[in-house]
Each structure stands twice: as C-alpha cells, then as structure tokens.
Amino acid sequence: MLLPYHPAERPIPTPDGFDSTFYPPGMECIPRKAAIVRANRYVVDHVDHLIAYVWHPASNARALVEYAQKIQRKNGIPITVLIQVAI
C-alpha cells in the first residue's frame, strides 16, 4: 500500500490483504498538496506493470494513467487499458 504522507505524520494501519506499506524515499520535502501526485509518479517510474482503475475523468488516477502512457512512449513499457473513461 502506497503512502503519500509520512507514516509518523499520518499513521495508517496496514489493511487486511496488504503485506506492508511503502513510503517513497525523498517525499519528506514534498508539499502536502503535491504528495499524492508525486508518490504516484514515483511508482510509475519504478514499476514494470501498472493496473489503474479510473472511474472519474477529473481524477488523479486519470492523470497518472496519462503520465504512464507518456513514459510508455519514451521507455517502451507495455500498458494495456482495460476500461476507457470518456474525458
């Protein structure tokens, strides 16, 4: 489970079904308003596969998928869109 805020600042117990939590390195200096977007981008920059569910066209998840598609074109990482939301 990805944590965009420092665990000491905003403790979140690990939910059932999750092995652990992950707080990306270097996030301590990121403003709170940008923390979720920056944490999501960190993940896209460091994974081999991305599964994202986008149900609202004005969501951060949609922006994350667009960022991943931009990275795909640059680095050749395969992405499959399962559900396309009308924008």
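Our subject is the structure that appears above.
Bear in mind the structure is a predicted one, so any value in this text is a computation, not a measurement.

Q: I'd like a rundown of the overall build of the protein chain, residues and numbers included.
A: In terms of helices and strands, the protein chain carries two helices and zero strands. Counting only residues that meet the buried cut, the protein chain has 22% of its 87 residues in that class.

Q: With reference to specific residues and values, describe helix H2 (residues 60-75).
A: Along its 16 residues, H2 runs 22 Å from first to last C-alpha, staying within 8% of the 22 Å computed at 1.5 Å per residue. Where H2 is concerned, the buried positions are Leu64, Val65, Tyr67, Ala68 and Ile71. The buried side chains of H2 occupy one side of the element, clustering within an arc of 160° when seen end-on. Projecting away from the buried face of H2 at angles above 90 degrees are the exposed residues Lys70 and Arg73.

Q: I'd love a proper account of the nonpolar core, names of residues and values included.
A: The biggest cluster of nonpolar side chains holds seven residues, and these are Leu3, Tyr5, Tyr23, Met27, Ile30, Ala35 and Ala39. Setting aside residues no more than four positions away along its own chain, Tyr5 makes contact with Arg10, Tyr23, Arg32, Ala35 and Ile36. One finds Val44, Leu64, Tyr67 and Ala68 within the second-largest nonpolar core, a separate group that totals five residues.

Q: Break down empty space enclosed by the protein for me, citing the residues and quoting the values.
A: The tally for this structure, following the rule as stated, stands at two cavities of 30 Å³ or more. Approximately 30 Å³ is the volume attributed to the second largest cavity. Along the walls of the second largest cavity sit Leu3, Pro4, Tyr5, Pro7, Arg10 and Ile12, which together make up its complete lining. In the lining of the second largest cavity, the residues fall into five nonpolar, no polar and one charged.

Q: Let's hear about the packing of aromatic side chains: which residues, and what values?
A: Considering all chains together, one arrives at one aromatic pair under this definition. Between Arg32 and the ring centre of Tyr5, over which it is positioned, the NZ or CZ distance is 4.2 Å.

Reading guide: rules and limits
Residues numbered from 1 in each chain as written. Predicted model: local features only at pLDDT ≥ 70, side-chain atom pairs only at ≥ 80, totals over all residues. Heavy atoms only, no water. Helix = DSSP H or I, 4+ residues; strand = E, 2+ residues; numbered from the N terminus. Buried < 20%, exposed > 50% of the residue type's maximum accessible area, 1.4 Å probe, protein only. Expected span 1.5 Å × (residues − 1). Arc of directions from axis to C-beta. Core = buried A, V, L, I, M, F, W, Y, C linked by side-chain atoms within 4.5 Å. Contact = heavy atoms within 4.5 Å. 1 Å grid on protein atoms, 1.4 Å probe; cavity = no way out; pocket = protein on both sides within 12 Å on 5 of 7 lines; lining within 4 Å. Points joined across faces, edges and corners; volume = space filled by probe spheres on them. Nonpolar A, V, L, I, M, F, W, Y, C, P; charged D, E, K, R; others polar. Phe/Tyr/Trp six-rings, centres within 6.5 Å; stacked < 30°, edge-to-face > 60°. Lys NZ or Arg CZ within 6 Å of the ring centre and 35° of its normal.

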